[in-house]
Amino acid sequence: MPSTSKREAEEATDGVGLLQRLDKLLGWIALFGGGVVLSFLTVFSAFNVLVMRKAQNDPIKGAEDLLVLALVVLVALAIPYGARTGAHIEVEVLEHWMSKTFARRSMVAMKLVGCAVVLVLAWRLLDAGASAAEYGESSQTLLISFTPFYFTLAIGLGLYGVVLLLEIWQLVRHGEVRKLRLPEGTL
């Protein structure tokens, strides 16, 4: 059995250790950030509909703006974590007719294309965020600037790009991607 330091050195060179640390970070972001946003969405929606709209007949002005922007934050937090847990849709119709080598190479190619697309999207979101205030991009009722939400989405997509790069590294080194496994009974 290899010593702990030797095993850590091997994991560091093949990207496994870095991916494990990234998995922990993404898990905390998704758990706490997503939990806070989801709690806000639930409580605010219920309060607005049940108390303010139905009981008081006076819904909260700008509630839709807050809910939509909170959903944007929730999606930005979920994208990279969903990629690591296998939540994104993958179509594997032709995979069993391919050789292992061709399947692995095509997976690397698709992840490279995906990474390029995601990183271009992140770059364009950063650019849009930088100019959102200048062009007056804001929510309809409360006039909340879209700038921080563009940046939040850009960070989420940037993290997804990093995840794809590390998964490509794993494919090249090991021939497979080790997905993050959720504990039993979580779904």
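From a predicted model like this one, the values you see are computed outputs, not experimental measurements. (Residues numbered from 1 in each chain as written. Predicted model: local features only at pLDDT ≥ 70, side-chain atom pairs only at ≥ 80, totals over all residues. Heavy atoms only, no water.)

1. Observations regarding the environment of Gly161
Relative to the assigned elements, Gly161 resides in helix 5 (residues 147-174). Given the relative accessible area of 0%, Gly161 is considered buried. Taking the C-alpha atoms as reference points, Gly161 and Lys111, 50 residues apart in sequence, are found 9.3 Å from one another. Look past the residues within four positions of Gly161 in its chain and what remains in contact with it is Cys115, Val118 and Leu119. (Helix = DSSP H or I, 4+ residues; strand = E, 2+ residues; numbered from the N terminus. Buried < 20%, exposed > 50% of the residue type's maximum accessible area, 1.4 Å probe, protein only. Contact = heavy atoms within 4.5 Å.)

2. A short note on unusual backbone geometry
Most peptide bonds take the trans configuration, and most residues that are not glycine carry a negative phi. Phi angles above zero are rare outside glycine, and Asn57 is one such case at about 55°. For Asn57, the position within the fold is in the loop between helix 2 (16-55) and helix 3 (63-85). Taking the relative accessible area as the measure of exposure, Asn57 reaches 67% and is therefore exposed. In this structure, Leu143 is a non-glycine residue whose phi angle is positive, near 55°. In this structure Leu143 comes out as exposed when scored by relative accessible area, which is 59%.

3. Considering the environment of Leu19
Along the chain, the position of Leu19 falls in helix 2. Taking the C-alpha atoms as reference, Leu19 lies 9.3 Å from Gln170; in sequence the two are 151 residues apart. Residues within four places of Leu19 in sequence aside, it is in contact with Arg84, Leu166 and Gln170.

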